[in-house]
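Architecture and fold: a report
Given next are the chains, with one letter for each unit.
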Amino acid sequence: MEARILQSSPSSSSCFFSSGSCSINRYRFSSVSPSPKPLSVFFPQKTRTTTNVLSMSKKDENTESLSYKGSGVDIDAGTELVRRIAKMAPGIGGFGGLFPLAGDDYLVAGTDGVGTKLKLAFETGIHHTIGIDLVAMSVNDIVTSGAKPLFFLDYFATSRLDVDLAEKVIKGIVDGCGQSDCALLGGETAEMPDFYAEGEYDLSGFAVGIVKKDSVINGKNIVAGDVLIGLPSSGVHSNGFSLVRKVVARSGLSLKDELPGGSTTLGEALMAPTVIYVKQVLDIISRGGVKGIAHITGGGFTDNIPRVFPDGLGAVINTDAWELPPLFKWIQQSGRIEDSEMRRTFNLGIGMVLVVSPEAALRILGEAKNGDYVAYRIGEVINGEGVTYQ
């Protein structure tokens with residue numbers, strides 16, 4: 001029997017009064033016997049080479065160019081931490097970690113949160129889709145290995161539990177699990193007085209999927225001449241919001257104002273839920289020719305695409321292959337953000353990149369032309385490491 005209870009009974013909760021907090025474990029889990037040593041696919045970081053080609057409004061000499069690091073997020077520091085962790089846990093570094101099961105399968109796991117997109121949820125009052133973002137960030141990571149998501153668990157933490165608000169958030173998590181065809185097995189509701197501001201909360205979660213050992217997508221067979229196919233995003237997704245919030249503050253616009261060049265309010269455009277690519281990507285994989293997949297999250301194109309390449313290979317991106325969405329144009333212009341910073345922070349309208357054989361590319365683009373879905377030929381694999389833009 002599958003447990004799907006979203007609110008625990010008194011007998012299933014445990015409160016730690018000495019710390020003044022209450023942690024509700026929404027599900028009980030049976031003990032697990034010792035298992036084989038986990039395995040993950042490691043995609044090394046590459047040297048980056050970029051050229052500036054995206055259009056950008058003329059700089060005001062009195063206006064500073066905003067950056068992700070200047071907004072408080074240091075990608076290089078995060079990379080350094082991963083390097084240090086890898087010394088203690090060799091093999092990490094892929095989008096998902098692989099765990100060998102007896103027989104023909106790997107379990108594939110990924111964990112994530114939604115970052116400071118939550119701040120905009122608090123400001124806009126849009127809480128019913130933030131759970132979709134939470135699920136998307138993990139299941140999109142594990143599908144890059146070719147894994148089908150099996151189940152998801154979440155962690156919801158707040159200073160004072162607002163049951164109606166929490167229900168909206170968890171409803172979004174349920175919706176996200178439905179979109180990715182996986183079960184919401186359970187999670188944790190933690191009520192921690194004085195830890196969060198009134199009305200605020202934090203979210204994290206993890207997904208576990210499964211893939212046949214001989215079907216893992218790991219990039220090992222990528223060669224020069226392979227094609228990069230981009231699948232469109234719905235907007236910023238769930239990365240880069242520390243910089244986005246700085247841009248909003250500088251712009252003088254309200255989240256209720258209309259997005260310049262768009263058809264929605266700025267708040268609605270920024271809160272658009274992350275696309276869940278699972279079903280589409282698994283369908284494309286099932287017909288062959290997919291060699292590597294990059295989920296375009298923190299690090300943008302510049303850092304994420306090289307993670308799937310063997311040593312000695314890089315990519316050239318054709319920036320005119322798709323139209324930069326109005327939201328990203330506004331972000332760049334309002335923040336006076338350099339092209340290289342945009343490419344290393346945001347998805348720029350492409351949320352998932354597939355590295356495929358030329359034959360598979362023809363098939364995928366043919367299906368896109370027929371209206372089955374939207375996909376773009378955004379570049380190709382070349383000799384030489386890093387990502388260049390033209």
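Residues numbered from 1 in each chain as written. Predicted model: local features only at pLDDT ≥ 70, side-chain atom pairs only at ≥ 80, totals over all residues. Heavy atoms only, no water.

Digging into the sheet that holds strand E14 (residues 386-389)
What counts, and what does not: Any two strands with at least two DSSP bridges between them are considered paired. Each helix corresponds to a stretch of at least 4 residues labelled H or I by DSSP, and each strand to a stretch of at least 2 residues labelled E; elements are numbered beginning at the N terminus. Every axis in this analysis is a line fitted to C-alpha atoms, fitted for helices over the stretch in contact. Angles between the N-to-C directions lie between 0 and 180 degrees. Contact criterion: two residues are considered in contact whenever any of their non-hydrogen atoms come within 4.5 Å of each other.
Reading across from one edge, E10-E12-E9-E13-E11-E14 is the order of the six strands in this open sheet, with mixed pairing throughout. In this open sheet, the two strands that pair with only one neighbour each are strand E10 (290-295) and E14. Neighbour-to-neighbour, the strand axes of the sheet open up by a mean angle of 25°, direction not taken into account. Relative to strand E13 (residues 376-383), strand E9 (residues 227-232) runs antiparallel, the two being bridged by four bridges. Looking at E13, one finds that Leu228 is bridged to Gly379. This element, helix H7 (residues 278-286), spans E9, E10 and strand E12 (350-356) of the sheet and lies at about 165° to E10. Relative to E9, helix H11 (residues 358-369) is tilted by about 30°, and along the sheet it contacts E9, E12 and E13.

Overview of helix H4 (residues 163-179)
We count it as follows: In this analysis, the expected span of each helix is defined as 1.5 Å times one less than the number of residues it contains. Between buried and exposed lies partly exposed: a residue is buried under 20% and exposed over 50% of the maximum accessible area for its type, with that area taken using a 1.4 Å probe on protein chains only. Along the arc lie the directions from the helix axis toward the C-beta atoms. Any pair of nitrogen or oxygen atoms within 3.5 Å is treated as a polar contact; in protein, a donor-acceptor pairing is required on top of that, and neighbouring residues in sequence qualify only through side-chain atoms on both sides.
Helix length check: H4 (17 residues) gives 24 Å between terminal C-alpha atoms against 24 Å at 1.5 Å per residue, within 8%. Taken as a whole, H4 has its buried residues at Leu165, Ala166, Val169, Ile170, Gly172, Ile173, Gly176 and Cys177. The buried residues of H4 all sit within an arc of 145° when viewed along its axis, so they share a single face. Exposed residues pointing more than 90 degrees away from the buried face of H4 are listed as Asp164 and Glu167. For H4, the elements touching its buried residues are helix H3 (130-142), strand E6 (148-158), strand E7 (183-191) and strand E8 (201-212). Between the side-chain oxygen at the start of H4 and the backbone nitrogen of Asp164 there is a gap of 3.2 Å, and the oxygen is on Asp162.

Some words on the nonpolar core
Counted only if it meets this: Only buried residues count toward a nonpolar core, which is a set of Ala, Val, Leu, Ile, Met, Phe, Trp, Tyr and Cys residues joined through side-chain atoms within 4.5 Å.
Residues Leu270, Phe301, Ile305 and Ile331 are the most contacted members of the largest nonpolar core, which totals 96 residues. No other element matches the seven residues that H3 contributes to this core. Look past the residues within four positions of Ile305 in its chain and what remains in contact with it is Leu228, Ala294, Ile296, Ala315, Ile317, Val353 and Val387.

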